[in-house]
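So you can see what is in the structure, the chains are spelled out below.
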Amino acid sequence: MAIHENLLGGPPPTHLPDDPEPRELLASGTAPADVAAKYPVSSLAWAQLADDAFEGGRVVESYAYARTGYHRGLDALRRSGWKGHGPVPWEHEPNRGFLRALHALARAAQAIGEQEEYERCSAFLRDSSPLAADTLG
């Protein structure tokens with residue numbers, strides 16, 4: 001038996017492919033809007049835009065950015081073999097853009113009174129990665 005074998009019989013963790021360019025541009029201080037324009041499939045860029053808008057009190061804008069990042073992330077997950085459920089580990093850095101966008105979507109949904117969406121996204125985040133849910137708050 002392999003050490004990392006899933007004994008519960010659930011799907012294996014999904015690990016998105018690494019795309020370091022958007023992450024490096026954001027880390028170097030490039031504006032998130034410029035990164036999103038250059039790499040529109042990057043959930044990380046959209047998640048950063050959502051965080052910045054939320055911190056600036058622009059909740060509806062944050063919601064729109066988060067929703068874009070969330071859907072870009074779902075597309076990437078599906079391309080990586082994800083079947084709609086199963087672990088998306090926070091520990092795998094390329095997954096963090098999707099997980100951050102999902103968190104941002106939950107947060108913005110709650111702020112605009114979309115309680116059902118907030119609950120669904122919060123549960124999805126916790127089911128995908130308990131560590132992400134704890135880390136992101």
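Provided above is the structure to which this section pertains.
In this report, we go over the structure that sits alongside the text. On a predicted model such as this, the values are computed, not experimentally measured, just so you know.

### As for the layout of surface pockets
So, step 1. The volume enclosed by the largest pocket comes to roughly 410 Å³.
So, step 2. Lining the largest pocket are 22 residues, with Pro17, Asp19, Ser42, Ser43 and Pro94 positioned closest to its centre.
So, step 3. Within the residue set of the lining of the largest pocket, elements represented by two or more residues are helix 1 (20-27), helix 3 (43-55), helix 4 (59-79) and helix 5 (96-111).
So, step 4. Residue composition of the lining of the largest pocket, by class: nine nonpolar, five polar and eight charged.
So, step 5. Approximately 160 Å³ is the volume attributed to the second largest pocket.
So, step 6. Every residue along the wall of the second largest pocket is listed here: His103, Ala106, Arg107, Gln110, Tyr118, Ser122, Leu125, Arg126, Ala133 and Gly137.
So, step 7. Counting residues per element, the ones that place at least two in the lining of the second largest pocket are helix 5 and helix 6 (115-128).

### Some remarks on the nonpolar core
So, step 1. Core analysis: the biggest nonpolar cluster contains 24 residues, and Tyr70, Leu74, Leu77, Phe98, Leu99, Leu102 and Phe124 have the highest contact counts within it.
So, step 2. Contributions of two or more residues to this core are made by helix 4, helix 5, helix 6 and helix 7 (130-136).
So, step 3. For this core, the leading source of residues is helix 5, giving eight residues.
So, step 4. For Leu77, the residues in contact, after removing those within four places along its chain, are Thr14, Leu16, Trp82, Val88 and Phe98.
So, step 5. Judged by nonpolar contacts, the second largest core, of eight residues, contains Tyr39, Leu44, Ala45 and Leu49.

### A look at the pattern of salt bridges
So, step 1. Considering all chains together, one arrives at nine salt bridges under this definition.
So, step 2. Here Glu61 ties to Arg58 by a salt bridge, and the two come within 3.0 Å at their closest N and O atoms.
So, step 3. Judged by relative accessible area, Arg58 falls into the partly exposed class, the value being 37%.
So, step 4. With a closest N to O distance of 2.9 Å, Arg126 and Asp134 form a salt bridge.
So, step 5. With a relative accessible area of 51%, Asp134 lands in the exposed category.
So, step 6. Three or more residues joined by partner-sharing salt bridges are found here, namely Asp18, Arg23 and Glu93.

Criteria and thresholds
Throughout this description, residue numbers start from 1 for each chain and increase along the sequence as written. Selection of residues for local features in this predicted model requires a pLDDT of at least 70, selection of side-chain atom pairs for listing and counting requires 80 or more, and totals for whole chains, interfaces and linings are taken over all residues. Computation of side-chain values: all heavy atoms of the structure, hydrogens and water removed. A pocket here means an open set of points on a 1 Å grid, computed over the protein atoms alone, that has protein on both sides within 12 Å along at least five of seven lines. A cavity is instead a set of points where a 1.4 Å probe fits but cannot get out; residues with an atom within 4 Å of a point line either one. Grid points are joined across faces, edges and corners, and a volume is the space filled by probe spheres set on the points. Only DSSP runs of H or I reaching four residues or more are called helices, and only runs of E reaching two or more are called strands; each is numbered from the N terminus. Side-chain classes follow a simple rule in which Ala, Val, Leu, Ile, Met, Phe, Trp, Tyr, Cys and Pro form the nonpolar group, Asp, Glu, Lys and Arg form the charged group, and the remainder, Gly included, forms the polar group. Among buried residues, the Ala, Val, Leu, Ile, Met, Phe, Trp, Tyr and Cys ones that are joined through side-chain atoms within 4.5 Å form a nonpolar core. Burial classes: relative accessible area under 20% of the type maximum marks a residue as buried, over 50% as exposed, and values in between as partly exposed (1.4 Å probe, protein chains only). Note on definitions: a residue-residue contact is assigned when non-hydrogen atoms from the two residues lie within 4.5 Å. We define a salt bridge as a contact between a side-chain nitrogen of Lys or Arg and a carboxyl oxygen of Asp or Glu at a distance within 4 Å.

Such coordinate-based values are descriptive only and should not be taken to indicate function.
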